[in-house]
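Examining the three-dimensional arrangement
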Amino acid sequence: MSAPDDGSCFIMMLVCYCVIMVVVYWLTLERGMAVEWRGLRIPIIILALLIGLILFFGGQFLYNKYNIEKPLEELIMENKSVQQVTIDEKADITVIEIKLKDEGINSAELYQEIYFEASKVLKNQSFRISFVDNPDQQLYQLWQRSQYYIHQAIMQGNFPEMVDNIEKMATEAQVNAEVYVSGDNIFIQLFNEHTNKSLIRIVARQNYMVTGQVANIGGEASDQRN
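Everything in this summary refers to the structure shown in the same document. These numbers were taken from a predicted model, which means no experiment stands behind them. (Residues numbered from 1 in each chain as written. Predicted model: local features only at pLDDT ≥ 70, side-chain atom pairs only at ≥ 80, totals over all residues. Heavy atoms only, no water.)

Now for the overall build of the protein. A tally of regular secondary structure across the protein gives six helices and nine strands. Per-residue burial over the protein gives 38% buried out of 226 residues. Look at the contacts in the protein between residues 6 or more apart in sequence, and 53% of them connect residues 24 or more apart. (Helix = DSSP H or I, 4+ residues; strand = E, 2+ residues; numbered from the N terminus. Buried < 20%, exposed > 50% of the residue type's maximum accessible area, 1.4 Å probe, protein only. Contact = heavy atoms within 4.5 Å.)

Right, dumping it as structure tokens:
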């Protein structure tokens, strides 16, 4: 299911708003229509302006909700590896939060599948994909220790050594570890069978080389488009 063109929707809402304003302006000038509030006569055009703004932004919200977020949510939920998806608009970026059905699912493959679907619906909009996790202190400390090897691998290209070192640390801590490397990201999955706690992190390789920053808590990577 494809979403309507953003520009067309914006133009339609703008035209409707202008027509309403023209009609109200004519009524105000020709018939002197106004309302009274606490002894003050307020031209209807002012109220129409406020109502028009509410309708305009309300229509924009509904458009995003039912013509972008809903179709994208339905597409992602068709994936058998996804238990739950939450889509939220934050500032100028769409945040897609995924909860896996099983801790053993390959997050790298799932990320690519969701990225493909999101690109079709969101087109040129910026979006970020993150995975829901519930790490405990042990997993978080293991993740912190892993960052040295991640940084080294990105700078030197010794990814097999990075994988071996992270898996070795996880084995010593009696934690299951899965490490995946793609052209754009490094995926770290840690799972403790005894506590049923998990940690998923996505490190954007290019962003890490430029800023030195790793993925935020929750495991995320973004596609920033201009």
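This part covers the sheet that holds strand S6 (residues 176-181). The three strands lie next to each other as S6-S7-S8, forming an open sheet whose pairing is antiparallel. Two strands lie at the open edges of the sheet, namely S6 and strand S8 (197-204), each paired on one side alone. Neighbour-to-neighbour, the strand axes of the sheet open up by a mean angle of 10 degrees, direction not taken into account. Direction of pairing for strand S7 (residues 185-192) relative to S8: antiparallel, over a ladder of eight bridges. Residue Gln189 lies in a different strand from S8, and its bridge partner there is Ile200. (Pairing = 2+ DSSP bridges. Axes fitted to C-alpha atoms, helices over the stretch in contact; angles between N-to-C directions.)

Further remarks concern the pairing of S8. Burial runs high along S8: six of the eight residues are buried. Linking S7 to S8, which pair antiparallel, is a turn of four residues; within it Asn196 sits at a positive phi near 60 degrees.

Across the five residues of strand S5 (residues 127-131), five count as buried, placing the element largely inside the fold. Burial along S5 is two-sided: the face carrying Phe127, Ile129 and Phe131 and the face carrying Arg128 and Ser130 are both buried. Of the crossover connections in this fold, the one passing from strand S4 (residues 93-100) over helix H3 (residues 107-122) to the parallel S5 is right-handed. (Right-handed = clockwise from strand over helix to strand, strands pointing away.)

Ranked by size, the top nonpolar core spans 24 residues in total, and within it Leu72, Ile76, Ile96, Ile98, Leu110, Ile114 and Phe131 carry the most contacts. Of all the secondary-structure elements, those providing two or more residues to this core are helix H2 (44-77), strand S3 (82-90), S4, H3, S5 and S8. Considering each element in turn, this core owes the most residues, seven residues, to H3. Each residue touching Ile96, except ones within four places of it in the same chain, is listed here: Leu72, Ile76, Val85, Thr86, Ile114, Ala118, Leu122, Phe127, Arg128, Ile129 and Ser130. Core analysis: the second largest hydrophobic core is formed by 20 residues, Leu139, Trp143, Val163 and Ile166 among them. (Core = buried A, V, L, I, M, F, W, Y, C linked by side-chain atoms within 4.5 Å.)

Attention shifts here to the packing of aromatic side chains. The description of two aromatic rings rests on the distance between their centres and on the angle between their planes. Across all of its chains, the model carries four aromatic pairs by this definition. Ring geometry for Tyr111 and Phe187: centres 5.4 Å apart, planes at 65 degrees, overall edge-to-face. Residue Tyr111 is located in helix H3, and its partner Phe187 is located in strand S7; the two are separated by 76 residues in the primary sequence. As far as burial versus exposure is concerned, Tyr111 and Phe187 are alike and both buried. Ring geometry for Tyr148 and Tyr149: centres 5.2 Å apart, planes at 75 degrees, overall edge-to-face. The exposed category is assigned to Tyr148, whose relative accessible area is 52%. (Phe/Tyr/Trp six-rings, centres within 6.5 Å; stacked < 30°, edge-to-face > 60°.)

It is worth spelling out the pattern of salt bridges at this point. Scanning the model with the defined rule gives two salt bridges in all. A salt bridge links Glu117 to Lys120; the nearest nitrogen and oxygen atoms lie 3.2 Å apart. Remark: Lys120 and Glu117 occur in helix H3; sequence separation between them is three residues, near one turn of the helix. A residue is classified by how much of its surface remains accessible, and Lys120, at 45% relative accessible area, is partly exposed. (Salt bridge = Lys/Arg side-chain N within 4 Å of Asp/Glu carboxyl O.)

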